[in-house]
Amino acid sequence: MSLALIAALPFLGALLPGLMIRGGRDAAAWVTGAVSALALLLLMTHAPAVFRGEIVQTRIDWLPTLGLNVTFFLDGLGFLFAGLILGIGLLIILYARFYLSKDDPMGQFYAYLLLFQGAMVGIVLSDNVLLLLVFWELTSLSSFLLIGYWKHLPEGRQGARMALAVTGMGGLAMIAGMLILGDIVGSYDLTVILQNRAIIQASPLYLPALLLILLGAFTKSAQFPFHFWLPHAMAAPTPVSAYLHSATMVKAGLFLMARLWPVLSGTPEWFYIVATTGLITMLVGAKIALFKDDLKALLAFSTVSHLGLITFLLGLGTRIGAVAAVFHILNHATFKAALFMTAGIVDHSAHTRDIGRLGGLRSLMPVTFTIALIAALSMAGIPPLNGFLSKEMMLEEAAHTVWAGSAWFLPVLATIGALFSAAYSFRYIAHVFLGPKRTDYPHEPHDPGIGLWVAPAFLTVLVVLIGAFPALIAGPLVAITSGAVTGGALPDYTLKLWHGVTPALFMSLIAVVGGAAILALHRPLARLWNITPRPEAKAIFDALVGGLARAALAFTDRLHNGALSRYLAVMALVTTLAGFAAFFSGTHAPGLRVTLPLSPVPVLGWILLMAASLALVVYYHQRLLALVLVGVVGLIVSIGFVYLSAPDLALTQISVEVVSVLLMLLALNFLPRDTARDSPPLRRLRDLVIAGAAGLGTGSLIYAIMTRDFSTISDFHVANALPGAGGHNIVNVIIVDFRAFDTYGEIIVLGIAALVIYALTEALLGGPAGRRLAEWKRAEAVAGDRHPLLLVVVGRLMLPIVLVVGIDLFLRGHNAPGGGFIAGLVVAIALLLQYMASGFAWAEQRRRYNYHGMIGFGILLATLTGLGSWIAGVPFLTSSFGYFRIPPFEKFELATAMILDLGVFLTVVGAVMLALWSLSRLARRTGETLNTEPMDVRLTKPQPEPEGE
Amino acid sequence: MTLVSEIAISVLLVIGGVFGLVGSYGLLKLPDTMSRLHAPTKASTLGIGGVLLASILHFALIEQKYTVEEILVTIFLFITAPISTHFLAKAWLHRNARPEDLPETGTDCGWIGYDLAEPKEAEGTESD
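Every value quoted in this text rests on a predicted model; they were computed, and no experiment measured them. (Residues numbered from 1 in each chain as written. Chains lettered and ligands numbered in written order. Predicted model: local features only at pLDDT ≥ 70, side-chain atom pairs only at ≥ 80, totals over all residues.)

## Some words on the overall build of chain B
Keep this limit in mind: Secondary structure elements follow DSSP: runs of H or I of four or more residues count as helices, runs of E of two or more count as strands, with numbering from the N terminus. Here exposure depends only on C-beta density: within 10 Å of a residue's C-beta, 20 or more other C-beta atoms make it buried, 12 or fewer make it exposed, and intermediate numbers make it partly exposed, the C-beta atoms being placed from the backbone. Think of it this way: build a C-beta for each residue from its backbone, and any pair within 7 Å is a contact.
Looking only at helices and strands, chain B has 5 helices and 0 strands in total. In sequence order, the secondary structure elements of chain B are arranged as α-α-α-α-α. Out of the 128 residues in chain B, the part that is buried amounts to 9%. Counting only contacts in chain B whose residues sit at least 6 apart along the sequence, the fraction spanning at least 24 positions is 53%.

## Side note on the domain arrangement of chain A
The test is simple: Throughout, the edges of the domains are those of an automatic or database domain assignment.
As assigned here, chain A comprises domain 1 (265–520), domain 2 (620–676) and domain 3 (728–778 + 785–937). A C-alpha centroid distance of 67 Å is found between domain 1 of chain A and domain 3 of chain A.

## Considering helix H14 (residues 249–259) of chain A
Among the 11 residues in H14 of chain A, 11 count as buried, and that is most of the element. If you check which residues of H14 of chain A are buried, you get Met 249, Val 250, Lys 251, Ala 252, Gly 253, Leu 254, Phe 255, Leu 256, Met 257, Ala 258 and Arg 259 of chain A.

## Description of unusual backbone geometry
The omega angle of the peptide bond from Phe 224 of chain A to Pro 225 of chain A is 0°, so this bond is cis rather than trans. A positive phi angle is found at Ser 645 of chain A, which is not glycine, with a value near 55°. One can find Ser 645 of chain A in the loop between helix H30 (623–643) and helix H31 (647–668). One non-glycine residue, Gln 64 of chain B, lies in positive phi territory at about 55°.

## A short note on the confidence of the model for chain B
Detailed reading of the predicted coordinates is not advisable wherever pLDDT is low. Residue and element names in this part refer to chain B. Put simply, the test is: For every residue, the pLDDT score states the predictor's confidence, bounded by 0 at the bottom and 100 at the top.
Across chain B, the average pLDDT comes to 79, with 84% of residues at 70 or higher. Across chain B, helix H1 (residues 2–29) holds the top mean pLDDT of 90, while helix H5 (residues 112–115) sits lowest at 64. Long-range and interchain partners of residues 116–128, a stretch whose pLDDT sits below 50, account for 20 contacts in this model, where long-range means more than four residues apart. For this predicted complex, the interface score ipTM comes out at 0.80, while the overall pTM is 0.70.

## Quick word on the nonpolar core
All names here are of chain A. Threshold: Among buried residues, those of type Ala, Val, Leu, Ile, Met, Phe, Trp, Tyr and Cys that are joined through C-beta atoms within 7 Å form a set called a nonpolar core.
If you look at the biggest cluster of nonpolar residues, it comprises 203 residues, and the most contacted ones within it are Ile 85, Val 121, Ile 147, Leu 314, Leu 339 and Ala 375. In terms of residue count, the dominant contributor to this core is helix H18 (residues 319–350) (19 residues). Ignoring anything within four residues of it in the chain, the contact list for Val 121 reads Ile 6, Ala 7, Pro 10, Ala 39, Ala 82, Ile 85 and Leu 86. Listed in part, the 59 residues of the second largest apolar core include Val 659, Ile 735, Leu 906 and Met 913.

Written as structure tokens, this is what we have:
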């Protein structure tokens, strides 16, 4: 449970900063820090067990049939990463409190940060690969929010989009890879997968799985050729860069490679793909970093380079390589986070991150200089700092590794990588802090308050301590982590500064001296770099994405371009073709069921239906007439339902018909009297053919079904309605009991639809359409007597009668035709009549209940009915019923389904009335006047004025 | 008894049918909207009224059941038919007739669809 809580805490805590920001920025920072600290504390309670080499597990079944369970486990690797995420997270929270300016919405920032933190902790603690994938995608989404935090900056938005596109795409590939992996092993539990190295590597699907998973890991960890998104993500505020791009998100890919190291590594495929990619990334990143003038870009590419280094170490597939990788993950997190923070401090203080405009800050910002110096020297690999230790291990490994038969290839390239790395680290110190003081800083630089520098200072203390006493400070942690990565016995290694005179020492020496030399030659080299043409990643990416978007749009436009006729044609055509394909690929024999004799009444109805439909085709130009014809069709269909003994359907159909004709009539008012134009004749002919084929096809299908004997689920419903649900009305029992969950979903959809109508009119009124409405001229003069006495009086007379009918329909619904839906429509019609008779504003003033609230209450009621079933220990929305008797009445039935039905009733009334209200808002915008009297004829004599004229 | 009942019911059905037919014929034949309004009102009141009476008699005399549904139907019909006719007439007046073509109302207020956009001095004297 505790592990799940660690992962859940940041998510739950993400609600707090937004609330606490009202208490000030400090309150928000404190509460965010408290959440992280609590999670870290919980993690630390497991430290003794982890250091004893135990694996802590938590298991909660979620969707066991899918193999998706909430299972977490904590071993050395998870512990290291969770510790880094939460620990550096705490420092970042502190740093961000002082970094962000007053105008930045800090509550939002901390909320995003905690979401991200939770997702990262989830990744490193997940035992289930599907759960891991969920968290993986969550990191992509939350990092999108963080990178794009400064929404007003186009770079921020573009960088966020690019990061999301690249890492999201990789995540999708990884889903496929993980599914294959789970399929090979037969379990989605990591602990099980990790036991099955032999099965996985023997499987023919090993290579595809490996490639897909590596695609996910490489995109996340910005490995070549996906490294381009990381520098663009630097548009984020510096705390985000320091957190995401030093310690956490980019390390997620490394984490995954380390996690799956026991089962995936050790094959030539793994070695050549991973180690080579890592090496290329290390070189490319380091080379670009050397020539970047933006401080954060320099650090971003240096991060790319170091991530490449770690990938390279993991790719070697040797146990000692894994140890070195783990050690460098830890070291890189400490010095890189500190470096990012110092870059942020310089930016904050000098108001520029451009190296060309900096220099000589040493004496102006002594504290920042000290921190940056130590961290950068560590990055360069200078003893006795921690960067030196892990870089030595890397060089030592490279010196002993043969690549494609060549013994010198890897050592040489690794040395060049280290050389560039030393060069850009020196440059960070020399070009920013050393040199003469300048007079043209955009803002006079000075050391910031302790709030900003204490976090990086803490990290540099770690840098020094780990460097000086590696075995003491980092030894146990590296040991348990490496043990978890390699999944077995540890190789023979010691963490110490002096290993004697080894090849690595010479390589290190070459790197440092060469780095210094490159720094000396930087000016001419940079000139050379600037004139060499090189691919611009962003332009390529934009072109690629733009092309894809255009292709997708072109394809989509062919299917539906917003014209309803196009959409219907595609839909009808595809369905008809599918039907024809099925028909011609199967066998067919005519149905043998005896048809009923044709009697005159249905024939008459059929003729009317046909006539109305055909007339609609002819007269659709005249919208009012078309609406009347639609009404005729609806009425005949209702009569058809009555004739076929389906009173429920008939009642529903007729009330829906009335409501929709009334609402459409109101909407029609705002449309032009005639349709704008016809399609060309050929297209109409084509549409005729499509529509005719679809209609005839559907007709034949129904005929084929009706001429055969078939059994449906209806038999079950008929048999079980009374004994199972206590209702005689099978239709209603289906709605509120057998398929209650469907109904529940449907009323939610209905409620959403009504709210969308409301929102659409709201948006419409605010836009150009609203202005057009305000200038709208009526086609005809406004009639006098808009609220005629006759209608008003009769409407009042009808209201109580109809309400009684509605209540009756509702109450009897379970046993006789009726139910919440029909009752809701009937009541809505009665109310509509009042609105029509006396005008909207007049009726509106007499309304007691808010329609939004009514919809919400209806859905809430239905939800509570469902939850009530849980209390009774049965599945959601299971209904129960009983028979009661209150003398002197007859025995009657009460069912919990009736409460659900009440929810349906309220939602229907609310939805219809909200639609009416939205339409009337349009009418109001056109300048329709408000009446204060219920009708235009005043029934009482007006009081004579005291001073008569 | 049964014979008498059946004759009575049949007569009512025939009367209802005849009025329905006359109403429909009038709808086709009468020259203008205002005259045509008269035809369906006959069909809906007398025509359907006859059928409803026949139904009441049928249930009461032949099946020995007393029903009130027909009476409710009658009431609703008698309430709603005038309203729809009223609206048809109003719509026609609004679209076709000019105020000056209309005859005097004989009171100090004018015709309802023209004069009463705002009820300024409406006396509310109802003529019906």
